[in-house]
Amino acid sequence: KNGSIVETVDLTTKECYIVGRQPGLDLSMDHPSVSRLHAVVQMRSTGQVYVYDLGSTHGTFWNKANRITPGMHVPVKVGDMIRFGQSSRMYILSGDIYDRDEQEAKKEELQERRKAEALRAHAQQRTLRQLEERQGHKKAPEGAP
C-alpha cells in the first residue's frame with residue numbers, strides 16, 4: 001500500500017482465496033470500492049495462478065490498467081500486479097510459483113531427446129555390426145586356400 005509491503009499472502013496453502021470486504025474472507029479488505037465478494041485468486045494443480053472477478057462493481061485490475069472481465073479466469077505470473085476496486089493497495093505475485101505445464105513440456109522435450117539419442121546410438125551400433133560383418137565376409141575368401 002502506497003509503496004510499502006503491508007501483508008504477504010502464501011498462495012500455496014489452499015486452492016483458492018476469496019477476496020472482498022466481507023469479514024472472515026481469505027483476503028478481507030476495508031476499502032469502500034471493494035465489493036463484499038469481489039474476486040477469487042485460484043491456484044490450479046499445474047501451479048498456474050488465476051484471478052477471477054466475481055462481478056464486482058468497481059472491478060479487478062491486472063498490471064495497473066487491464067480490467068479483468070467478470071467471469072473470466074485471467075492467468076497471472078510472478079511479477080504481475082493485481083488491484084481490487086479503487087484501493088491503492090497493489091498485490092504483486094512473487095515467489096517460486098511456476099507454470100507446471102511449462103515444466104512438464106520441458107520434461108517431455110528432454111525425454112524425447114533422450115529417446116532420439118538412444119535410437120541414433122542403436123542405429124550406429126547396427127551399422128557398425130553390418131560393416132564388421134561385411135568386412136568379415138570379405139576377409140574370409142581372401143584367406144581361403
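The text that follows walks through the structure, step by step, so that each part is easy to find.

How each quantity is defined
Residues numbered from 1 in each chain as written. Predicted model: local features only at pLDDT ≥ 70, side-chain atom pairs only at ≥ 80, totals over all residues. Heavy atoms only, no water. Pairing = 2+ DSSP bridges. Helix = DSSP H or I, 4+ residues; strand = E, 2+ residues; numbered from the N terminus. Core = buried A, V, L, I, M, F, W, Y, C linked by side-chain atoms within 4.5 Å. Buried < 20%, exposed > 50% of the residue type's maximum accessible area, 1.4 Å probe, protein only.

### Topic: the sheet that holds strand E6 (residues 66–67)
- Taken in spatial order, the four strands of this open sheet run E6-E5-E8-E9, and their pairing is antiparallel. Pairing within the sheet leaves two strands with one partner each, and these edge strands are E6 and strand E9 (90–92).
- The pairing of strand E5 (residues 60–62) with E6 spans two bridges and is classified as antiparallel. From the neighbouring strand, Trp62 faces E6, where its bridge partner is Asn66.

### Some remarks on the sheet that holds strand E2 (residues 27–28)
- Taking strand neighbours across the sheet as the criterion, the five strands line up as E2-E1-E3-E4-E7 in an open arrangement whose pairing is mixed. In this open sheet, the two strands that pair with only one neighbour each are E2 and strand E7 (73–76).
- Relative to strand E4 (residues 49–53), strand E3 (residues 39–43) runs antiparallel, the two being bridged by five bridges. In the sheet register, Ala39 faces E4, and the bridge partner there is Asp53.

### Here we look at the nonpolar core
- Counting residues in hydrophobic clusters, the biggest one holds 18 residues, and the most contacted among them are Leu11, Val19, Val41, Val49 and Phe84.
- Mapped onto this core, the elements with two or more residues apiece are strand E1 (16–20), E3, E4, E7 and strand E8 (81–84).
- Among the elements that line this core, the one with the most residues is E3, at three residues.

### A look at unusual backbone geometry
- In this structure, Asn63 takes a positive phi of about 50° despite not being glycine.
- Considering the arrangement of structural elements, one finds Asn63 in the loop between E5 and E6.
- Classification of Asn63 as partly exposed rests on a relative accessible area of 28%.
- Even without a glycine there, the phi angle at Lys64 is positive, about 70°.
- Position of Lys64 among the secondary structure elements: in the loop between E5 and E6.
- Since its relative accessible area comes to 54%, Lys64 is described here as exposed.

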